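Inside the fold
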Amino acid sequence: MPYRDTKTLSVRGQVHQKYSRRAAKLVNVFNCLIVSASPERSEMLKRAAADGGWKTSLCADGPAALKHVNRWLVHLVVVDLDGQPAATFRPLLEELASCRGLLSIVCGNEGDIEEEIWVRQHGAWMYLPGVSGADNSISLLCGEAKEIAERLWKPGERSPARPAAK
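The following paragraphs examine the structure supplied in this document.

What counts, and where the lines are drawn
Residues numbered from 1 in each chain as written. Predicted model: local features only at pLDDT ≥ 70, side-chain atom pairs only at ≥ 80, totals over all residues. Heavy atoms only, no water. Axes fitted to C-alpha atoms, helices over the stretch in contact; angles between N-to-C directions. Helix = DSSP H or I, 4+ residues; strand = E, 2+ residues; numbered from the N terminus. Parallel < 35°, antiparallel > 145°, perpendicular 65-115°, else oblique. Left-handed = near helix turned anticlockwise from the far one by under 90°. Contact = heavy atoms within 4.5 Å. Nonpolar A, V, L, I, M, F, W, Y, C, P; charged D, E, K, R; others polar. Phe/Tyr/Trp six-rings, centres within 6.5 Å; stacked < 30°, edge-to-face > 60°. Buried < 20%, exposed > 50% of the residue type's maximum accessible area, 1.4 Å probe, protein only. Lys NZ or Arg CZ within 6 Å of the ring centre and 35° of its normal.

1. Some details on the packing of helix 3 (residues 39–51) against helix 7 (residues 137–152)
The contact between helix 3 and helix 7 brings their axes to 7 Å, and the two run at 50°. When the axes of helix 3 and helix 7 are compared, the pair comes out oblique. In this structure, helix 3 meets helix 7 at a crossing whose hand is right-handed. Contact residues: helix 3 offers M44, L45, A48, A49 and D51, while helix 7 offers I138, S139 and C142. Its residues assigned to classes, the contact of helix 3 with helix 7 shows six nonpolar, one polar and one charged.

Printed below as a string of structure tokens:
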């Protein structure tokens, strides 16, 4: 801020102006958490989310993902069940179902009807069986999810993605 501008603003005004600019920059960041036990699939999903406009974080298991969701502002969670029993991520998916305004995409095992029914009953935004890295549709889906998240979460509001207090 130039010297001449500091004379016209009070100290309180200067501090407010400084932090409101910083907050405006932070508001446009939308966070996606990728949860997968497979490092290769984690990287594939991370690239797809980044192509869709998300800032991504990775977790390898459900308990670490729960801690991350409870600690940080997260707008989208992508859970990869591929090759894993659904019970591995069941507590995570149940907790995500209680988060208002949080979108979740679950990449499931192809042909597992019981898994699909259970995931859909627990409020997943999308269930994608048999996802592979060969196509670009996940990137497009992540882009759509970002547009929805931007409409759900308005700047200045409290985080929509916080679990209900227990």
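2. A look at the packing of aromatic side chains
Under the defined criterion, the tally for this structure stands at one aromatic pair. With a centroid separation of 6.3 Å and an interplanar angle of 90°, the aromatic rings of F30 and W54 are classed as edge-to-face. Taken together, the residues span a long stretch of sequence, with F30 in the loop between helix 2 (11–27) and strand 1 (31–35) and W54 in the loop between helix 3 and strand 2 (55–59) at a distance of 24 residues. Like F30, the residue W54 is buried in the burial classification. Its end group placed over the ring of W118, R90 keeps NZ or CZ at 4.3 Å from the ring centre.

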